[in-house]
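So you can see what is in the structure, the chains are spelled out below.
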Amino acid sequence: MFNGVKVSSSVEVDYGTSATVERKTPESYELELKIKVKVPKPNTTLAELSTVNPALPAVLPGLEAMLTNAVADPFFDAMYKRKVATIHNDLPRLNELITRHNFFDCETILRLEHPQTKRKALLIQSDMDVVMDGSDSDRVPFVDGSSTYFQPMTSYRWPKRGGVSNPFIAPREERIQSAQAELPGSPPVRKEELQKLVTRLKTEIADLRANSFLVSTVDPFIVVPGPLITAKGPFSPKLGDYCVVIFGDTIYPAIVGDVGPSYKAGEASLRMGKELNAKANAMYRPVSDLTVTYLVFPDTAEKPSGPPNLTRWAARCNELLANLGGHGGKMHTWIDLVPTPTPTPVPTAAPSVAPSAAPTPTGEAISTVITATGEPTPKLVPIKPDVRPALTPRPSP
């Protein structure tokens, strides 16, 4: 089967009565299904973790000491129970069963605490899928929303700071108009569906007008299962918490930027995925093996939330790693891919011209721009800025 389930089949035959009778007897022709599943145990020792990433002991020299008292987070067991529950629910629809790959997508979730500094961290060992979500018209003029499951919002957001309207508002307004036009004369069930749709779209529009969000193509962030975010306790990560992704001996600073399904682990933005595997896209998983370490630092989110500052993120992650015993890996330096806005010329009054001055030979309109020295400089009418600038890397502010 496409989802990786091993199928063993057999046919049991017995003799019955007449075909007329047996046709009306459900038990005369039936299929019995039984799925056998082995739920994994979480890795808890350095030797076990080293089997999936041999570089991990050197990258995190304080890990061995922290593992002495480390315990598996209860969510690990709860997540696999949820996976089993989805199998029960989808059993009548074999083509919808969770795949073998996605069932076994998490090696461990460990609660770590450094014995001296008392710095806490949550270690998740998993694979990496890609999320394509997010939009911010103030920073990124164009976002490709063609992915099947694309949403223009991420759970991490901040109050909108610019005046550029989010491009995903207009399509939602059109859908509202279409739904409202369909309401009259629709049967009750369809009316209820349309009313729920309109309510949801209006809520999304209000969110898009008020807030900006992370953008998967330019911002490095990870996705954490919802129950981990909503859990109470000193090891529970929250939106905006700092984290690092460790792959091989390289460390990638990031933040917790979105909330994912309750039965799935290992997900990050496309920007993160492409650093690990240049082929990554919405349909191509950057890392299939359980060799990616997500190290989250609970209770480190900065308030108020705001747009990414990649230099600040790297500095904070370095500080937090130092509180866990330091690191021996290569810290990745992110290049800011947000386009640099084209400066708008400042309109000023034209300089006074003496009566004896010669007329402008070209006859073209002249505007005046104040230079860095404060002196007015004549200049031809400025070219309008491009409304969709290319994503040109620039140093992070």
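Residues numbered from 1 in each chain as written. Predicted model: local features only at pLDDT ≥ 70, side-chain atom pairs only at ≥ 80, totals over all residues. Heavy atoms only, no water.

> Could you give me a rundown of the side chain of Asp336, with the residues and numbers involved?
Here Asp336 shows up in the loop between strand E11 (330-331) and strand E12 (366-370). Asp336 gets classed as buried once you look at its relative accessible area, which sits at 8%. A distance of 3.0 Å separates the side chain of Asp336 from the backbone nitrogen of Val338, its partner in a polar contact. (Helix = DSSP H or I, 4+ residues; strand = E, 2+ residues; numbered from the N terminus. Buried < 20%, exposed > 50% of the residue type's maximum accessible area, 1.4 Å probe, protein only. Polar contact = N/O pair within 3.5 Å; in protein donor to acceptor, adjacent residues only side chain to side chain.)

> An account of the pairing of strand E8 (residues 250-260) is needed here, citing residue identities and associated values.
In terms of burial, E8 is largely enclosed, as ten of its eleven residues are buried. Where strand E7 (residues 242-247) meets E8, six bridges bridge the pair, whose relative direction is antiparallel. Counted as the bridge partner of Tyr242 is Ile255 from E8. A loop of two residues connects E7 with E8, the two strands running antiparallel in sequence, and Gly248 in this loop sits at a positive phi of about 65°. (Pairing = 2+ DSSP bridges.)

> Would you mind going over the nonpolar core in detail, with residue names and values included?
Grouped together as the largest cluster of nonpolar side chains are 63 residues, with contacts concentrated most on Leu63, Leu112, Met128, Ile222, Met272, Leu295 and Phe297. Among the elements that take part in this core, strand E3 (residues 120-131) stands out by supplying six residues, more than any other. Once you skip the residues sitting within four places of it in the chain, Leu63 turns out to touch Leu46, Leu49, Leu56, Leu112 and Leu123. Within the second largest apolar cluster, 19 residues are counted, among which are Ile169, Leu183, Val198 and Leu201. (Core = buried A, V, L, I, M, F, W, Y, C linked by side-chain atoms within 4.5 Å. Contact = heavy atoms within 4.5 Å.)

> I'd like a description of a nonpolar patch on the surface, backed by residues and values.
The grouping of Leu31, Leu33 and Leu94 at the surface amounts to a nonpolar patch, some 280 Å² of accessible area in total. Checked against the element boundaries, Leu31 lands in the loop between helix H1 (19-23) and helix H2 (46-52). Of the residues examined, Leu31 reaches a relative accessible area of 68% and is grouped as exposed. (Patch = residues over 30% accessible without salt bridge, like charges linked within 9 Å, V, L, I, M, F, W, Y side chains within 5 Å. Areas by Shrake-Rupley, 256 points an atom, 1.4 Å probe, with all protein chains shown as cover. Salt bridge = Lys/Arg side-chain N within 4 Å of Asp/Glu carboxyl O.)

> Pulling in residues and values, what's your account of helix H5 (residues 74-90)?
The terminal C-alpha atoms of H5, which comprises 17 residues, lie 25 Å apart, in line with the 24 Å expected from a rise of 1.5 Å per residue. Buried within H5 are the following residues: Phe75, Phe76, Met79, Tyr80, Lys83, Thr86, Ile87 and Asp90. Looking down the long axis of H5, one finds its buried residues gathered within 140° of arc, a one-sided arrangement. Exposed residues on H5 whose side chains face more than 90 degrees from its buried face are Pro74, Lys81, His88 and Asn89. Residues of H5 that are buried in the fold lie against helix H6 (100-103), strand E2 (106-113), strand E6 (221-225) and helix H9 (226-230). (Expected span 1.5 Å × (residues − 1). Arc of directions from axis to C-beta.)

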